[in-house]
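Here is what each chain is made of, one letter per residue.
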Amino acid sequence: MSVFSSIETNLKRSAIALGIAAAVAAPAFAATQGTIGATSQGSVLISLDVDDVLQISGLTDILGLTFTGADVSGSTDACVYRNGGLAYSVTATGDGGAGGTDFSLSDAGGANSVPYTVSFDDGSGGSPLTSGTAATMAGASDATDCNSTPNVQVTVDIAAADAAAAPAGSYTGTLTLLVDAP
Amino acid sequence: MRARTPLLALLVGIAGLMPAVLTQAATQGTTGTSSTSTVDIHMGIGRFARITGFEDFDLGEWSGSGDMSADDNLCVGRNGVGFFGTGTYRIHAAGDGVPTDPAAFVLSNGVDQISYDAYFNDQPGTAGRQQLTPGVLLGGNSSFGFRLVFNYLFGCVIENANLSIVVPESELESAAGGYAGTLTLTLVPD
């Protein structure tokens, strides 16, 4: 594009823009344009919205639990991030029982199950959770990776009495954790 | 004749004491069938500039990952350059500032602030842009004369510069709410 055709194109654009501006209401710009002077100054308004963003990560499966007559316990560390490092809620849901939401482990056939309890430690001490019920926790990390240092711990406990009542076998279950803005 | 000598000496002495501002280059016409006078005319032209084309940066909503960025082409104009020459200029940038740096590039939600980076390019687009330092003049900018002249005379006619900003993900991670700030550019012709 030659110099003059470039100028012509821009002038045309300006004319079109003026036409459009005349046809519709002018948007409310906060930007200011420079005027002629020894120096010239203009400015722009910058705006952005950062809505709630949360993430729970770093969970590892709790495997290898073996009942030998005493209570059984297992845990996993995790990272909970919320922008701004604000408080959050956590909802834990099991996949056992008739409704498929109980904290319980089942054997392969599903005929037998063993209940468990869940506690969630946000750094201020463990809190027992009820399946499907949100619990508010203290401030999350404001770094998506928690700066490589987990900030929560999820613990499952199986009472010796419950394990003793179940037939011998292998029991499994899935625990789902949801973090949200409270 | 001898009597005039002290008078001439006095006149010469007075003339020597007169300030130079009274010196005139104008010549006066003499009596004749025609008469001609001349005057010298002097006018100083300073360096003037105009920067236009600013549009607000509405970055929208952060998705939860990645940087947020935006850019806008600007029109830089100045006088004092030939139509087919090249003109140079400097750019000063200032954000809303913080107590320790009154020109810092920051956005605020009313409680907290996050930082952003700003860049200037002496041509449209972001390729080859230079990072701005708050409160520090950025030199080394130039543009062709006809572009500068047109933009100086008529406003934003030929886009010949670019302003861009980047809000790093690391800043956004710790942010919550709606943020806003003002970035001001000052054009200083060389």
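Predicted model, so just to flag it, every value in this text is computed and none were measured.

**So, helix H2 (residues 145–154) of chain B**
- Considered for burial, the residues of H2 of chain B that qualify are Arg-147, Leu-148, Val-149, Phe-150, Asn-151 and Tyr-152 of chain B.
- Directly after H2 of chain B, the chain includes Gly-155 of chain B, whose backbone phi takes a positive value near 90 degrees.

**Overview of the confidence of the model for chain B**
Residues and elements named next belong to chain B.
- Mean pLDDT over chain B works out to 86, with 87% of the residues at or above the 70 mark.
- Note on residues 1–22: pLDDT under 50 across the span, and zero contacts to partners over four residues away in sequence or across chains.
- With pTM at 0.72, the complex prediction returns an ipTM value of 0.77.

**Side note on the sheet that holds strand E10 (residues 161–167) of chain B**
All names here are of chain B.
- Pairing in this open sheet of five strands is antiparallel, and the strands run E1-E3-E10-E7-E8 from one edge to the other. The open sheet terminates on both sides in strands that have one partner only, identified here as strand E1 (49–52) and strand E8 (130–131).
- Sheet topology note: the strand E3 (residues 68–78)/E10 ladder contains seven bridges and is antiparallel. Bridge pairing in E10 links Asp-71 to Ser-164.
- Contacting E1 and E3, H2 runs over the sheet at an angle of about 90 degrees to E3.

**Structural notes on the pairing of strand E4 (residues 86–94) of chain B**
All names here are of chain B.
- As defined by bridge partners, E4 adjoins strand E9 (residues 138–144) across five bridges and the pair is classed as antiparallel. Opposite Gly-87, over in E9, you have Ser-143 as the bridge partner.
- The pairing of E4 with strand E11 (residues 177–189) spans six bridges and is classified as antiparallel. Bridge pairing in E11 links Tyr-89 to Pro-189.

**Quick word on the environment of Ile-45 of chain B**
- By the element assignment, Ile-45 of chain B lies in the loop between helix H1 (5–17) and E1.
- Taking the C-alpha atoms as reference points, Ile-45 of chain B and Gly-145 of chain B, separated by 100 residues in sequence, lie 17 Å from one another.

What counts and what doesn't
- Residues numbered from 1 in each chain as written.
- Chains lettered and ligands numbered in written order.
- Predicted model: local features only at pLDDT ≥ 70, side-chain atom pairs only at ≥ 80, totals over all residues.
- Buried ≥ 20, exposed ≤ 12 C-beta atoms within 10 Å, placed from the backbone.
- Helix = DSSP H or I, 4+ residues; strand = E, 2+ residues; numbered from the N terminus.
- pLDDT = per-residue confidence, 0-100.
- Contact = placed C-beta atoms within 7 Å.
- Pairing = 2+ DSSP bridges.
- Axes fitted to C-alpha atoms, helices over the stretch in contact; angles between N-to-C directions.

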